[in-house]
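Remarks on the overall topology
Listed below are the residues making up each chain.
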Amino acid sequence: MANGKIDVVVTWVDGNDKNWLEEKAKYSIPSGDETDNDSSRYRDFELMEYFFRGIEENMPWINKIFFITWGHLPGFLNTNHPKLRIVKHEDYIPKEYLPTYNSNVIELNLHRIEELSENFILFNDDMFVIDKLKEEQFFKNNLPCDTLSSRTMVNYVFGHLIYYMIFNNMGIINKYFYGNKPFFKWVNPAYSLKNNISNAINRLTKRYSAFEDQHIPIPHKKSVFQEIWEKEPDLLDTMCRNKFRTPYDFNHWMMRYWNLASGNFVPTDVSKIGYYTDLDNDFGYLIDIIENRKEKIFLLNDTNNETQEMFEIHKPGFQKAFAKILPNKSSYEI
């Protein structure tokens with residue numbers, strides 16, 4: 001199980017920062033992309049201190065936390081913490097791509113952070129560790145741990161950008177891994193019977209259709225980002241000039257797919273870590289997951305179905321639930 005150092009990377013934006021909003025307003029949002037840039041993408045539950053408390057209490061084996069920001073910082077943050085690295089967009093993203101409001105640009109260039117370790121786990125700022133996690137749930141022998149779930153590509157929501165991005169990602173995978181489907185990475189005792197049957201059927205074709213995506217923290221290899229950039233520099237360069245997310249984007253899931261297609265991962269059951277939930281779920285159900293630690297990682301994904309009024313009503317409830325299970329300040333707080 002010997003691993004090298006494992007870092008955490010988390011991206012964060014303060015959607016209330018007036019300077020950020022003024023700068024963002026200078027650039028036109030692509031037509032037909034209003035939903036992707038809805039204000040719900042930038043609303044803040046003011047829970048980031050619990051992100052750090054959860055990491056410190058439940059993942060003490062983490063080497064460093066890289067906090068990626070446009071420039072603003074949470075007021076509670078102890079910026080002098082020896083295991084914390086504040087990284088502004090301008091510190092690692094090439095200037096020709098800046099400023100950017102495209103999360104894909106922010107994430108696809110992470111390999112340019114020199115101090116970042118080869119092994120890292122990418123979090124969104126809506127993912128909170130609420131119970132103990134071991135490093136072997138993310139890496140074993142320096143390989144990412146993951147569940148390969150092969151699926152037939154289906155667009156569930158017309159016009160939803162994420163499905164365009166998945167389609168784009170799979171184009172790259174089919175270009176480099178046509179016909180390469182290692183049997184024991186596709187059919188494995190770590191997977192459920194249903195998943196093994198689905199994988200066995202999809203393995204019969206040489207093309208890749210799609211992989212099921214778990215919206216949870218993803219273990220990544222820095223070298224995989226570098227490899228894909230070396231193979232497709234023009235394609236990624238063109239994409240990274242998009243100030244906002246577009247149907248022509250790739251995202252960091254492509255790096256995960258690269259691991260799955262190459263077989264450079266350890267089969268595991270990632271459902272034991274957590275699963276996707278959002279504000280369309282029943283409020284009481286979400287609070288119960290937190291207070292009774294029913295998952296290792298709790299995901300609080302915002303949606304544009306949640307009105308601002310309901311957002312403000314629910315916000316104190318989530319703060320209270322996190323304060324109940326993570327009451328003590330972490331060393332990352334002032």
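A few points on the structure. (Residues numbered from 1 in each chain as written. Predicted model: local features only at pLDDT ≥ 70, side-chain atom pairs only at ≥ 80, totals over all residues. Heavy atoms only, no water.)

1. So, the sheet that holds strand S4 (residues 119-123)
Under the convention used in this document: Strand pairing is assigned whenever DSSP detects at least two bridges linking the two strands. Secondary structure elements follow DSSP: runs of H or I no shorter than four residues count as helices, runs of E no shorter than two count as strands, and numbering proceeds from the N terminus. For helices, the fitted axis covers only the stretch in contact; all axes are lines through C-alpha atoms, and the angles between them, taken along N-to-C directions, range from 0 to 180 degrees. In this description, contact between two residues means that some pair of their heavy atoms is separated by no more than 4.5 Å.
As summarised here, the arrangement of the 5 strands in space is S3-S2-S1-S4-S10, forming an open sheet in which the pairing is mixed. The open sheet has two edge strands with one neighbour each: strand S3 (84-88) and strand S10 (218-221). Along the sheet, successive strands turn relative to each other by an average axial angle of 30°, direction set aside. Sheet topology places strand S2 (residues 65-69) next to S3; 5 bridges connect them, and they run parallel. Paired with Phe67 across the strands is Ile86, a residue of S3. Strand contacts of helix H8 (residues 222-231): S4 and S10, with the helix running at about 60° to S10, the strand carrying the most contacts.

2. Some thoughts on the layout of surface pockets
The condition that has to hold: Cavities and pockets were defined on a 1 Å grid built over protein atoms only: a cavity is a set of grid points that admits a 1.4 Å probe from which the probe cannot escape, a pocket is an open set flanked by protein on both sides within 12 Å along at least five of seven lines, and lining residues are those with an atom within 4 Å of any such point. Grid points are joined across faces, edges and corners, and a volume is the space filled by probe spheres set on the points.
There is about 250 Å³ of room inside the second largest pocket. As for the second largest pocket, its lining consists of 16 residues, of which Thr147, Ser149, Glu212, Asp269 and Ser271 are closest to the centre.

3. Focus on helix H5 (residues 161-177)
An α-helix turns once every 3.6 residues. As a result, residues three or four positions apart point the same way. Note the cut-off: One less than the number of residues in a helix, times 1.5 Å, gives the span that helix is expected to have. Think of it in three bands: with a 1.4 Å probe and only protein chains considered, a residue is buried below 20% of the maximum accessible area for its type, exposed above 50%, and partly exposed in between.
A rise of 1.5 Å per residue sets the reference length of H5, with its 17 residues, at 24 Å; its end C-alpha atoms lie 24 Å apart and thus fit the reference within 8%. Along H5, the residues classified as buried are Leu161, Ile162, Met165, Ile166, Asn168, Asn169, Met170, Ile172, Ile173, Asn174 and Phe177. Buried positions along H5 lie against helix H4 (103-108), strand S9 (210-211), helix H9 (233-239) and helix H10 (253-262).

4. Digging into unusual backbone geometry
Of the consecutive residues Leu98 and Pro99, the connecting peptide bond is found in the cis state with omega at -5°. When you line up the elements, Pro99 lands in the loop between helix H3 (89-92) and H4. Positive phi outside glycine occurs at Asn141, with the angle close to 50°. Along the chain, Asn141 falls in the loop between strand S6 (139-140) and strand S7 (143-146). In this structure, Arg293 is a non-glycine residue whose phi angle is positive, near 45°. Structurally, the position occupied by Arg293 is in the loop between helix H11 (283-291) and strand S12 (297-299). Judged by its relative accessible area of 26%, Arg293 is partly exposed.

5. Overview of the side chain of Lys243
Just so we agree on the cut-off: In summary, the charge assignment counts Lys and Arg as positive and Asp and Glu as negative, without counting His or the chain termini. What makes a salt bridge here is a side-chain nitrogen of Lys or Arg within 4 Å of a carboxyl oxygen of Asp or Glu, nothing more. Side-chain atoms alone can form a polar contact between residues adjacent in sequence; in general such a contact is a pair of N or O atoms within 3.5 Å, and within protein one must be able to donate a hydrogen while the other accepts it.
The topology assignment puts Lys243 in the loop between H9 and H10. One buried charged residue, Lys243, forms no salt bridge at all, with the nearest opposite charge on Glu23 at 8.1 Å. Separated by 3.1 Å, the side chain of Lys243 and the backbone oxygen of Leu98 make a polar contact. In terms of polar contacts, Lys243 uses its side chain to reach the backbone carbonyl oxygen of Pro99, at 2.7 Å. For Lys243, the residues in contact, after removing those within four places along its chain, are Tyr27, Tyr97, Leu98, Pro99, Thr100, Tyr101 and Asn102.

6. Regarding the sheet that holds strand S11 (residues 266-267)
For sheets, the rule is that strands pair by backbone hydrogen bonds, running either parallel or antiparallel. With mixed pairing, 3 strands are arranged side by side in an open sheet as S6-S7-S11. Both outer strands of the open sheet, S6 and S11, are each paired with one neighbouring strand and no more.

7. Quick word on a nonpolar patch on the surface
This is how it is decided: Distance thresholds for patches are 9 Å for like charges and 5 Å for nonpolar side chains (Val, Leu, Ile, Met, Phe, Trp, Tyr), applied to residues having over 30% relative accessible area and no salt bridge. Values of accessible area rely on a 1.4 Å probe in the Shrake-Rupley scheme; residue burial ignores everything except the protein chains shown.
Nonpolar side chains collect at one region of the surface, where Val154, Tyr156 and Val157 lie side by side and expose about 310 Å² of accessible area between them. Mapping Val154 onto the fold places it in the loop between strand S8 (150-151) and H5. Judged by its relative accessible area of 41%, Val154 is partly exposed.

8. A few points about the packing of H5 against H10
What describes two packed helices is the angle between their axes and the distance between those same axes. Put simply, the rule reads: We call a crossing left-handed when the near helix sits turned anticlockwise from the far one by less than a right angle, and right-handed when that turn is clockwise.
With their axes 10 Å apart at the nearest point, H5 and H10 run at an angle of 35° to one another. Where H5 crosses over H10, the handedness of that crossing is right-handed. Along the contact surface, H5 presents Ile162, Ile166, Asn169, Met170, Ile172, Ile173, Tyr176 and Phe177, while H10 presents Trp253, Met254, Tyr257, Trp258, Ala261 and Ser262.

9. As for the environment of Phe265
Within the element layout of this structure, Phe265 appears in the loop between H10 and S11. Residues Phe265 and Pro219 lie 46 residues apart in sequence; the distance between their C-alpha atoms is 9.9 Å.

10. Focus on empty space enclosed by the protein
Unoccupied space between atoms shows up once a probe the size of one water molecule is rolled over them. The condition is simple: The nonpolar class holds Ala, Val, Leu, Ile, Met, Phe, Trp, Tyr, Cys and Pro. Asp, Glu, Lys and Arg form the charged class, and all remaining residues, Gly among them, are polar.
Taken as a whole and judged by the stated rule, the model has 1 cavity of 30 Å³ or more. Roughly 90 Å³ of internal volume is contained in the largest cavity. Lining the largest cavity are Gln137, Phe138, Cys145, Asp146, Gln214, Ile216, Pro217, Ile218, Pro219, Arg256, Val270 and Ile273. Listed by contribution, the elements that provide at least two residues to the lining of the largest cavity are S7 and S10. In terms of residue class, the lining of the largest cavity is made up of 8 nonpolar, 2 polar and 2 charged.

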